[in-house]
Structure formats: structure tokens, C-alpha cells
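The residues making up each chain are set out below.
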Amino acid sequence: MPKSLQIPVAKIIPHTLEKHGHIRTDNYYWLNQRESPEVIDYLNQENDYYKQSTAHTAAFQNDLFEEMKARIKEDDESVPYFYNGYYYITRFEKGKDYPIHSRKKGTLKAKEEIMFDCNEMAKGHTYFNLSGLSISEDNTMCAFGVDTVSRRQYTIQVKNLVSGEILPVKIENTTGGATWANDNKTLFYSRKDEVTLRSDKIYKHKIGTAAAKDSLVYFEKDETFDVSVYKSKSKKYLIINSSSTLTTEYQTVLSNMPDAKFKIFQKRTRGLEYSMSHFGEHFYIVTNKDKATNFKLMKTPEAATSKENWVDVIAHRDDVLLEDIDIFKNYLVVSERFNGLNRIRIMPWSGKGEYYLPFDSETYMAYTTTNLDFDTEILRYSYQSLATPGSVIDFNMKTAAKTVLKEQEVLGGKFDKNNYKEERIWATAKDGTKVPISMVYRKENTKNGKNPLLLYAYGSYGVTMDCHFSSVRLTLLDRGFIYAIAHIRGGEDLGREWYEDGKLMKKKNTFTDFIDCSQFVIDKKYTSAQHLYAEGGSAGGLLMGAIINMAPNLYNGVVAQVPFVDVVTTMLDETIPLTTGEYDEWGNPNVKKYYNYMLSYSPYDNVVAQDYPNLYISTGLHDSQVQYWEPAKWVAKLRVLRTNKNQLYLDTNMDAGHGGASGRFEAIKEIAKEYSFLLDLEGIKK
């Protein structure tokens, strides 16, 4: 590090925060002023410090980027899917960052119709995201959403696919998604609250009218709920979904009658979760009704949708999580999770000959993909594992014939999945719970305690961390790293109870599970504390903040992406986007017991005078999910209190939000930064 390099020091301006008679002093509260020149100056100082401190790795970062980019097929395209008379394709061209969306009528040999070239649309923008393409039933119109700031506030527009004209109407501050009624001129969409960014309103737009004349269809008053609108696969119903963490409610109207009043399907009941699909004369409902913790499948007649009319189709099972269903004319396809692994169950409506698709590995993920066609025997699903590139497969449910439509190509001629070993091992948590860890590494690695190991986890919101393949990750594996995923509580990896045991007043199980998994891989000689690294983003960044406060000696380095670390202050501020909807996950700190519990683990509040691991922390100035000031304040506090001189970097993307950079190769540059940080700590220079 150059001797002249100035370590950034954020000025201290004490700010008093009081709740339940308890007083906290936040010295860096002032950093939440996004427009303040002083704040921008501080973030730029941190960026300069990071760049200068890592200048010796700049060439290596670029080499890593080029290596990762070289494995990616630049002129790639998606597997076409057929819908309503057209094949739809998303493709990339060599040297271009953004996708091209096109379609072909009737046959793949037909002339290509380019609907959107995002490379052209992105010109002049440092960030660009196209979202929510929705085609009218007569195939002439397409609604789409555009975000050029990265705060997930989309502007909806409509393109005439026949003339190529983009209509003059612009509908601001939406989620980006829109749904057509069957009349091809009525469009439903959800709009966000300007301050909290909660999607709270459903509007109806008529083509040819001004957006200012759009009519409000539904307003969701409960601040813990979000709303969305979509059409059933059968195309018979338009559906409004109101959902919170623990409760759902649906409303329906016939797609042919968009001006009729929506009718409540089943009134919201605290703790009742359900989702529904239409088939024939019934609705099929995945629900936790009757204490079905892992969910069950029920059905009800179209004309009698309230819960007293629901009857069981697939009963609740204590050891199987029912995740989703796909409905076809002759088949019901059920997506399940057993012992932490995906299962796909094929059930003919005739009741004869049901079966499961066979999968052999223990570190795989398999899931149904785009199945828009109702009258077909073909199920499309995807399969991949930590060492097996993703495949898109068409499976004939009648004959069991399997057609691999596409396997992800890994260019460069060096990749062979047989060079890697995949394992699933089980760590024992401090309360005796067995926690699975999935890992992959090169076969020549030996258990000598000297392997660098990157342990990743998320552990919140019931999100399952499945074992996906990554060609980018080969950059670490081929340099001797072991990559591992800790399937800790707070996710839904082992069923709904796994989630319930890692939220609210049991949230600390998430952190102690990760620490116990870390200790386990050390004890089993996969690695050692000198070579163990941890990574997590967003709520996984909260995990990173908690573990380095609780067990800093276990890790040589930690990567925390857009970390949610100022839990108490954020959860007390109802003006911050998405806060009120989080109460069912973390608790409401306006209630004293939740306040005290959050305060006991909130990473920012629990920074103390101790040695900390090397830290690379990234954020985005326009992040709508985790505000940039949380990591900024955290780093400022760590700089003052830590008792060692390990690396501590705050890297703020001044143009991006929660998802990072928008271009496919720009995103790889961010990964190259993370990998160069880890490899540099290991003394690996090339």
C-alpha cells in the first residue's frame, strides 16, 4: 500500500436515537443524506482508497475478467418457447452487453421479428433494465417496463408490434409488469408508493387514453402487504394477489369482462397462505390451511372459492415440502422438496401411473421452467449441479422420452465436469440440528487443512439456496478453492420448519448455524481459519456482519454484498422502502421484545473493539432494497473500533442499485473484484 495513501475517516456527528427508554448514539447517521456533497465526497474517498490499495491487483482483475468472459458464449440465445402462435427467443450478440428479444410466427424457420434490442435502448444510460414483457392476446401489442436508475421503479410503455411504433403513453413508478385483458385494449398494472416503493395500487389503462385517466382498481391499505396482477394459465381469469410474509389474499375477475368488479377468492386470514391455479371447473390451491406447515394441495369449485369448500388433493406430509404445481390438460406436475433436494412428480389426471423424474446427484437443482402451453404432453424443466452446466430439457410425460434442448456451453476447451468432485456433508449445529453443506472442488484437492474454502449462505425469507452451476466460479475452483453452500436455517431448504427456526426470535440460529458449518469444515480438514472465507449479500450480508462480530477468528476474509447491517434503525424507519413488509421476518421493533432481540445481533450496533477479518464490502448508491448508508456507516464504525490493520474496503457503485451493474459483462467485472480480493489474500497472483 502506498505510504501517502490516506485512510478515509468519516466525521463523527453524534445523533441520539431513543426507543423503549433505551438510548443509542449513532455517530454516522448523517451518511443517510444521499444528495449531500459531503456524503458523496466520503463515498468517493472510500472508492479511491479501495482503488489505490488494490492497484497492485488491477491487471490481475482484468485478467480474471477476461478469463471469465472467455468461458461465456457471447452470441448465445435462449431455448425458444411457443406461446399463442409464436416462438419467443432472447439472444445475445458478440461484444454486446444486453439482450435482443425476438419472435417467429408459427415455425422457427419463419422470419425473425425483433421486438426489442436492449443494446439500442440502453444507449446513453449507465444502467438499463427491460422487464415485464407482456403480449396482448391478438399478438399485436407488447407492454414493457424500463428502469434506467436501478431503484426498481419502472416506466411502462406499449409497443405496436405490427407498425413498430412505441405509443406515446408513459406510466411512471410501476413494478414493470402488466397484464392484458382478453379485449386486447385493457391493461392492468401495479404502481408503487413514491417513498416506500411498496407496490400498493392496481390500475387499469385503456389503450389510446392518457395515463392520467387510468382508473384505480384496488388500493392495498395494509402497509405489510404488496400487490400484483396476472392472468391465469387457462386465460379465463385476471387475478390480483395481495401478499405479506405470512398471509395471502386473491381477487378474480373474468378476463373477458375487465370492467367488472373483482371478487375476493378467500378473505385474508392472518397466517393463512395460499396460491391458486385454474383448471376446468375448479381452482387448485397450494396452502398451509389446517396447520399444513409444509403445504398441501386442495381444490374448490369455481363458483365456491372460500376455504370451507376446499378439499384435499395431496395431503400434508411432515417430511415433504410442496413448493409449486404446473397444470396441463392431462397432467398435474408437482414440485416438491425432500431432504433438501428437488423432486418433480408427474401425476396423470386419470389417476393411473404417477411417477417421479429420476435424479442421481446430491448437489443438483431441478425445476420446471416455461410451461405456458396448456394442451401438451411436454414438460419443460431445467437441471444443473455444482459441477454440471445447466440443461433445458423437454420431457414427454406420456412416453418418458427426454430431449435435451440445450446445455450451457463452457468455452475455452478446458472444462471437463469429470475433473470436479461434488459432496454433500452434514454439520452438527450447537443445538444438535444437522445442517447440510453442498460443496464442489477439483478432484486433486486433499483434506490437509490448507485448501482455501469460500462458504456462501443467505438464510432468510425462506429462500432456498439451490446448487446451481457457475462457469465464473471455475476461476476459483481451478486455483485450488473449495466452494461450499451452507443450507442454514432461515432458508426453506429442509422444509417450512427450517425457515420458521431461523426468523423472528429464532433469527440467531441462522448465524450460529453458519459459524458451526465453518467450524465443521475446519475440523474435517477441508480448510483452516487461515484459509476460510465467507460470502453473503443483502440479508446474507447481515449474516456476514453477525458472524464477524460473533466469531471473527474463524475467517481470513469476508465478502459482503449490499449488506443489511443497520437492522434496528432501518426497521424503525417506516419511510425506508420495504420496511413495514419485513415485520413478519425480523419482528416489529416498536414492540420491545423484538427491539431488544434485534439489538442483540444487529451488526452495526454490535461492532466492538476486536480484531476483524479482511473485508470487501460493496453497495450501490441507488439501492432500493438495502440503502447504501448501511454499509457506509458500518465501514466507518469498523475503521474506528477494530484493533488490527486488516484490509477494509467499501466499494460503492455510484450508478447502480441492489442488483449491481446491468450489463452482463459489467456484472462479471464486479465478481472479478471479489475474486481478486480473495486470491490476493491467498497469495495467488495469476
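Here's a quick rundown of the structure. (Residues numbered from 1 in each chain as written. Predicted model: local features only at pLDDT ≥ 70, side-chain atom pairs only at ≥ 80, totals over all residues. Heavy atoms only, no water.)

Examining the overall build of the protein
Short version of the rule: Helix and strand definitions follow DSSP, with helices as H or I runs of at least four residues and strands as E runs of at least two, each counted in order from the N terminus. The atom set for the radius of gyration is the C-alpha atoms, and the globule formula is 2.2 Å times the number of residues raised to the power 0.38. Under the scheme applied here, a residue whose accessible area is under 20% of the maximum for its type counts as buried, over 50% as exposed, and between as partly exposed, the area being computed with a 1.4 Å probe on protein chains only.
Along the protein, the regular secondary structure elements total 12 helices and 37 strands. Its C-alpha atoms give the protein a radius of gyration of 26 Å, near enough to 26 Å, the size a compact globule of 686 residues would have. Dimensions of the protein, computed from the C-alpha atoms along their principal axes, are close to 70 × 55 × 50 Å. Evaluated residue by residue, the protein yields a buried proportion of 58% over its 686 residues.

Observations regarding the sheet that holds strand S15 (residues 237–243)
Counted only if it meets this: For two strands to pair, DSSP has to find at least two bridges joining them.
With respect to topology, four strands assemble into an open sheet ordered S14-S15-S16-S17, the strand pairing being antiparallel. What marks the edges here is a single partner per strand, and that holds for strand S14 (226–231) and strand S17 (263–264).

Remarks on the packing of aromatic side chains
Basically, it comes down to this: Stacked, tilted and edge-to-face pairs are distinguished by plane angle, under 30 degrees for stacked and over 60 for edge-to-face with tilted covering the rest, among Phe, Tyr and Trp rings (Trp via its six-membered ring) whose centres lie within 6.5 Å. Note on criteria: charge over ring means Lys NZ or Arg CZ within 6 Å of the ring centre, with the direction from the centre no more than 35 degrees off the ring normal.
Evaluation of the coordinates by the stated rule reveals 37 aromatic pairs. Here the aromatic rings of Tyr-597 and Tyr-601 are separated by 5.7 Å at their centres, their planes lie at 75°, and the arrangement is edge-to-face. Here Tyr-597 pairs with Tyr-601, and both are found in helix H10 (residues 592–601), just four residues apart, close to one helical turn. The interplanar angle of 75° and the centroid separation of 6.4 Å between the aromatic rings of Tyr-649 and Phe-677 together place this pair among those described as edge-to-face. Residue Tyr-649 is found in strand S37 (residues 648–653), and its partner Phe-677 is found in helix H12 (residues 664–681); the two are separated by 28 residues along the sequence. Here Tyr-649 matches Phe-677 in class, with each residue buried. In this structure an aromatic cluster arises from ring pairing among Tyr-237, Tyr-250, Phe-265, Tyr-274, Phe-283 and Trp-310. The side chain of Arg-489 reaches across the aromatic face of Trp-498, ending 5.9 Å from its centre.

Notes on the side chain of Thr-155
Let me state the cut-off plainly: For this analysis, a polar contact is any N or O atom pair within 3.5 Å, provided that within protein one partner can donate a hydrogen and the other can accept it, and provided that sequence-adjacent residues contribute only side-chain to side-chain pairs. Any pair of residues with heavy atoms lying within 4.5 Å of one another is described as a contacting pair.
Its place among the elements puts Thr-155 in strand S9 (residues 154–160). For Thr-155, a relative accessible area of 16% puts it in the buried group. Here Glu-172 takes part through its side chain, which lies 2.8 Å from a polar atom of the side chain of Thr-155. Ignoring any residue separated from it by four or fewer positions in sequence, one finds Thr-155 in contact with Phe-144, Gly-145, Val-146, Lys-170, Ile-171 and Glu-172.

Description of the packing of helix H1 (residues 37–53) against helix H11 (residues 629–641)
Convention followed: Angular values range over 0 to 180 degrees, each being the angle between N-to-C directions of two axes fitted as lines to C-alpha atoms, with helices fitted over their stretch in contact. A clockwise turn of the near helix away from the far one marks a right-handed crossing, whereas an anticlockwise turn of less than a right angle marks a left-handed crossing.
Relative to each other, H1 and H11 sit at 65°, their axes nearing to 12 Å. Note that H1 runs across H11; the crossing there is left-handed. Across from Tyr-42, Leu-43, Glu-46 and Tyr-49 in H1, the residues of H11 making contact are Ala-632, Val-635, Ala-636 and Arg-639.

Observations regarding the side chain of Arg-34
Basically, it comes down to this: The convention is simple: Lys and Arg are positive, Asp and Glu are negative, and His and the chain ends are not counted. One side-chain nitrogen of Lys or Arg within 4 Å of one carboxyl oxygen of Asp or Glu is enough to make a salt bridge.
Along the polypeptide, Arg-34 turns up in the loop between strand S2 (22–26) and H1. Buried and unpaired, Arg-34 has no salt bridge, with Glu-35 as the nearest side chain of opposite charge at 4.9 Å. Within the structure, Arg-34 has its side chain in polar contact with the side chain of Gln-627 (distance 2.9 Å). Among residues more than four places away in sequence, those in contact with Arg-34 are Ile-40, Arg-151, Leu-621, His-622, Gln-627, Tyr-628 and Trp-629.

Here we look at the nonpolar core
Worth spelling out the cut-off: For this analysis, a nonpolar core means a set of buried residues of the types Ala, Val, Leu, Ile, Met, Phe, Trp, Tyr and Cys, connected via side-chain atoms within 4.5 Å.
By size, the foremost hydrophobic cluster in this structure holds 111 residues, and its most contacted members are Ile-437, Met-439 and Phe-514. Ranked by residues supplied to this core, first place goes to H12 with eight residues. Counting residues in hydrophobic clusters, the runner-up holds 16 residues, among them Phe-328, Leu-357, Tyr-383 and Phe-395.

Structural notes on the environment of Ile-314
Position of Ile-314 relative to the elements: it lies in strand S21 (residues 311–314). Sequence-wise, Ile-314 and Ala-427 are 113 residues apart; in three dimensions their C-alpha atoms are separated by 32 Å.

Observations concerning the sheet that holds strand S10 (residues 171–180)
What links the strands of a sheet is backbone hydrogen bonding, and the strands pair in either a parallel or an antiparallel sense. An order of S7-S8-S9-S10-S11-S12-S13 is seen for the seven strands of this open sheet, with the pairing classed as antiparallel. Only two strands of the sheet have a single neighbouring strand rather than two, namely strand S7 (129–135) and strand S13 (215–219). Across the sheet, the mean angle from the axis of one strand to that of its neighbour is 30°, orientation sign disregarded.

Notes on the pairing of strand S1 (residues 15–19)
On a regular strand, one side chain projects to one face of the sheet and the next to the other, so that they alternate. Where S1 lies against S2, five bridges are found, and the strand directions are antiparallel. Following the sheet pairing, His-15 is matched in S2 by Asp-26. Taking the residues between adjacent antiparallel strands as the criterion, S1 and S2 are bridged by two residues, where His-20 takes a positive phi near 55°.

Here we look at the pattern of salt bridges
In total, this model carries 48 salt bridges according to the counting rule given. Linking Glu-120 and Lys-123 is a salt bridge whose minimum nitrogen-to-oxygen distance equals 3.2 Å. With relative accessibility at 46%, the residue Glu-120 sits in the partly exposed group. Linking Asp-466 and Arg-337 is a salt bridge whose minimum nitrogen-to-oxygen distance equals 3.0 Å. Here Asp-466, found in the loop between strand S32 (453–456) and helix H4 (474–477), pairs with Arg-337, found in strand S23 (residues 331–338); they are 129 residues apart in sequence, far enough to count as distant. Overall, the relative accessible area of 4% leaves Arg-337 in the buried class. Salt bridges linked by common partners bring Glu-273, Glu-492, Arg-496, Glu-500 and Lys-503 together as one network.

Describing the packing of helix H6 (residues 508–523) against helix H7 (residues 539–550)
Using the following cut-off: Roughly parallel means an angle under 35 degrees; roughly antiparallel means over 145; roughly perpendicular covers 65 to 115; every other angle is labelled oblique.
Remark: H6 packs on H7, axes separated minimally by 9 Å, with the N-to-C direction vectors making an angle of 65°. In terms of their interaxial angle, H6 and H7 are classed as roughly perpendicular. Pair H6 / H7 crosses with right-handed handedness. Touching Thr-510, Phe-511, Thr-512, Phe-514 and Ile-515 of H6 are Leu-542, Leu-543, Met-544, Ala-546, Ile-547 and Met-550, all from H7.

What about a positive patch on the surface?
Selection criterion: Patch membership requires more than 30% relative accessible area and the absence of a salt bridge. Residues of like charge join within 9 Å; the nonpolar side chains Val, Leu, Ile, Met, Phe, Trp and Tyr join within 5 Å. Only the protein chains shown count as covering a residue, and every accessible area follows the Shrake-Rupley method with a 1.4 Å probe. The atoms used to mark charge sites are NZ of Lys, CZ of Arg, CG of Asp and CD of Glu.
A contiguous patch of positive charge, built from Lys-421, Lys-434, Lys-443, Lys-447 and Lys-524, is present on the exposed surface. Here Lys-421 shows up in strand S30 (residues 420–428). We classify Lys-421 as partly exposed; its relative accessible area is 39%.

Thoughts on the environment of Asn-47
Inspection of the secondary structure puts Asn-47 in helix H1. Placed 607 residues apart in sequence, Asn-47 and Met-654 show a C-alpha to C-alpha distance of 9.6 Å.

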